[in-house]
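Remarks on the overall topology
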Amino acid sequence: QKEVEQNSGPLSVPEGAIASLNCTYSDRVSQSFFWYRQYSGKSPELIMSIYSNGDKEDGRFTAQLNKASQYVSLLIRDSQPSDSATYLCAAFMKTSYDKVIFGPGTSLSVIP
Amino acid sequence: NAGVTQTPKFRILKIGQSMTLQCTQDMNHNYMYWYRQDPGMGLKLIYYSVGAGITDKGEVPNGYNVSRSTTEDFPLRLELAAPSQTSVYFCASNSALSDMYQETQYFGPGTRLLVL
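A few points about the sheet that holds strand β7 (residues 61-66) of chain A
Residues and elements named next belong to chain A. One open sheet accounts for five strands, arranged β1-β3-β8-β7-β6; its pairing is antiparallel. If you trace the sheet from one side to the other, it starts and ends with β1 (4-6) and β6 (54-58), each paired once. With direction set aside, neighbouring strand axes in the sheet form an average angle of 20°. Of the strand pairs in this sheet, β7 and strand β8 (residues 71-76) are connected by six bridges, and their pairing is antiparallel. Its bridge partner lying in β8, Leu65 is registered against Val72.

Side note on the environment of Asp55 of chain A
For Asp55 of chain A, the position within the fold is in strand β6. Measuring from C-alpha to C-alpha, the distance between Asp55 of chain A and Ser73 of chain A comes to 9.4 Å, with 18 residues separating the pair along the chain.

Let's talk about the packing of aromatic side chains
One pass over the structure, following the stated rule, counts eleven aromatic pairs over all chains. Between the aromatic rings of Tyr36 of chain A and Phe102 of chain A, the centroid separation amounts to 5.5 Å while the plane-to-plane angle is 50°, which identifies the pairing as tilted. Taken together, the residues span a long stretch of sequence, with Tyr36 of chain A in strand β4 (residues 32-38) and Phe102 of chain A in strand β10 (residues 98-102) at a distance of 66 residues. The residues Tyr36 of chain A and Phe102 of chain A share a single accessibility class, namely buried. Relative to Phe107 of chain B, the ring of Tyr36 of chain A lies with its centre 5.6 Å away and its plane at 85°, an arrangement referred to as edge-to-face. Residue Tyr36 of chain A is found in strand β4, and its partner Phe107 of chain B is found in strand β10 (residues 106-107); the two belong to separate chains. You can call Phe107 of chain B buried: its relative accessible area is 12%. Among the aromatic residues, ring-to-ring pairing joins Tyr36 and Phe102 of chain A together with Tyr33, Tyr35, Tyr48, Phe90 and Phe107 of chain B into one connected group. Sitting over the ring of Phe61 of chain A, Arg60 of chain A keeps its end group 5.5 Å from the ring centre.

Cut-off values and rules
- Residues numbered from 1 in each chain as written.
- Chains lettered and ligands numbered in written order.
- Predicted model: local features only at pLDDT ≥ 70, side-chain atom pairs only at ≥ 80, totals over all residues.
- Heavy atoms only, no water.
- Pairing = 2+ DSSP bridges.
- Helix = DSSP H or I, 4+ residues; strand = E, 2+ residues; numbered from the N terminus.
- Axes fitted to C-alpha atoms, helices over the stretch in contact; angles between N-to-C directions.
- Phe/Tyr/Trp six-rings, centres within 6.5 Å; stacked < 30°, edge-to-face > 60°.
- Buried < 20%, exposed > 50% of the residue type's maximum accessible area, 1.4 Å probe, protein only.
- Lys NZ or Arg CZ within 6 Å of the ring centre and 35° of its normal.

Listed below in structure tokens is the structure:
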């Protein structure tokens, strides 16, 4: 089992709808999670970080963490065409040294 | 602050050639990382460093080498370029807050490498 997994997509939603992105992680992974957005040809940029069970909201974005079920999700409300990008889930993993493991990413397309 | 800078932005190599990808950060971060991203794929960790003089392998280290002589610089060396190393390379850095939590990673703009 890979340490961080995501649905590869592509996920298509109409403008104004809610986009739901999911990520699961193995039990070796630590408890800090991040969502990055990556536009084509650009470097990843952080959208949200979440450390505790429950929801964390920032504008149109809501991250949800469920440690018992080992999943983290990202909801994008009122989706805009500018949200079209690849969304990377990442987890802070403790081994002999700390490191961050990335999932394969989910491609999101918001249709005007 | 310039953040994380990478050079070059783009390079074409012939099979068997060598090159060094440069990465510099001016945020005094201890942690630095090299990732590669193949088309349509996520990021794969090549090497990382938790401080000057300390490096360790990631998921895909074969064909690469790194060094960390200063806090600011973390160069990635390709000794014998192969077509399989055609990819986009990202350098990133962060500072850890505590044992449990990890601060966000800051990414450089990337180096696009083509090996022919």
